[in-house]
Amino acid sequence: MEEDLTSYPENIIKFAKDPKHFGRMTDPTSAACIKGPCGDEMEVYLVISDRVIKNIKFYTKGCIATVVCGSAVAQLASGRSVDEALGISPKQVIDMLNGLPEDRCHCSILAVSTLHRAIADYLLKK
Ligand code: FES
């Protein structure tokens, strides 16, 4: 069953209508996929050059909050160095979205954790 967008606050609906960086990549520098305890999965794909994130995509079939968190993480990480991106926190994601329903705050943790694991994939391959 498709999730009811109108059950979310207006700030989330705004992000959900145009989730920037949504999609998969066929030839990333590094990538990661994590399944959260709720069953939602997040995938993050990175193109990194000279330790800078040149391109980032995320993919999920999870709830609307998962989608907007993935998009917020991607927007925060895009163009940043890997060191800066490792400093991105779930709180920054929630602040960028102007808040999340309390029962969806873990979606921001899933998105940030997946970004960090994708960066680790890059750093450990070097
Ligand atoms: Fe679990 Fe979104 S509901 S990650």
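Throughout this description, residue numbers start from 1 for each chain and increase along the sequence as written. Local features in a predicted model are, by the rule used here, given only for residues with pLDDT of at least 70; side-chain atom pairs are given and counted only at 80 or more, and totals for whole chains, interfaces and linings are based on all residues. Remark: hydrogens and water are excluded; side-chain values derive from all non-hydrogen atoms of the structure.

Peer 1: What's the story with the overall build of the chain in this structure? I'm lost.
Peer 2: Put simply, DSSP marks the helices as runs of H or I at least four residues long and the strands as runs of E at least two long, and each gets a number from the N terminus on. From N to C terminus, the chain includes 5 helices and 3 strands. Helices (α) and strands (β) of the chain occur, in sequence order from the N terminus, as α-β-β-β-α-α-α-α. By the compact-globule yardstick of 14 Å for 126 residues, the chain fits well, its C-alpha radius of gyration being 14 Å. Principal-axis analysis of the C-alpha atoms gives the chain an extent of 45 × 25 × 25 Å. For the chain, contacts bridging at least 24 residues in sequence account for 62% of all contacts bridging at least 6. As displayed, the chain offers around 6600 Å² of accessible surface, 52% of which is attributable to carbon and sulfur atoms. Based on C-alpha atoms, the radius of gyration is set beside the globule rule, defined as 2.2 Å times the residue count to the power 0.38. Note on contacts: a residue pair is in contact if any heavy atoms of the two residues lie within 4.5 Å. Working definition of accessibility: Shrake-Rupley area with a 1.4 Å probe, residue cover restricted to the visible protein chains.

Peer 1: Explanation requested: the packing of aromatic side chains in the structure shown.
Peer 2: Here a ring pair, both rings aromatic, is described through the centre-centre distance and the interplanar angle of the planes. Stacked, tilted and edge-to-face pairs are distinguished by plane angle, under 30 degrees for stacked and over 60 for edge-to-face with tilted covering the rest, among Phe, Tyr and Trp rings (Trp via its six-membered ring) whose centres lie within 6.5 Å. Following the criterion strictly, the structure yields 2 aromatic pairs and no others. Centroid distance Phe22 to Phe58: 5.3 Å. Interplanar angle 80 degrees. Geometry classified as edge-to-face. Taken together, the residues Phe22 in the loop between α1 (10–17) and β1 (30–35) and Phe58 in strand β3 (residues 52–59) connect sequence positions 36 residues apart. Ring geometry for Phe22 versus Tyr59: centroids 5.3 Å apart, planes at 40 degrees, classification tilted. Of this pair, Phe22 sits in the loop between α1 and β1 while Tyr59 sits in strand β3, and the two are 37 residues apart along the sequence. For each residue, the accessible area found with a 1.4 Å probe, counting protein chains only, is set against the maximum for its type, and the residue is called buried under 20%, exposed over 50%, and partly exposed in between. Phe22 gets classed as partly exposed once you look at its relative accessible area, which sits at 35%. In this structure an aromatic cluster arises from ring pairing among Phe22, Phe58 and Tyr59. Criterion for a charge above a ring: Arg CZ or Lys NZ at most 6 Å from the ring centre, at most 35 degrees from the ring normal. For Arg24, the ring lying beneath its charged end belongs to Tyr59, and the centroid distance is 3.9 Å.

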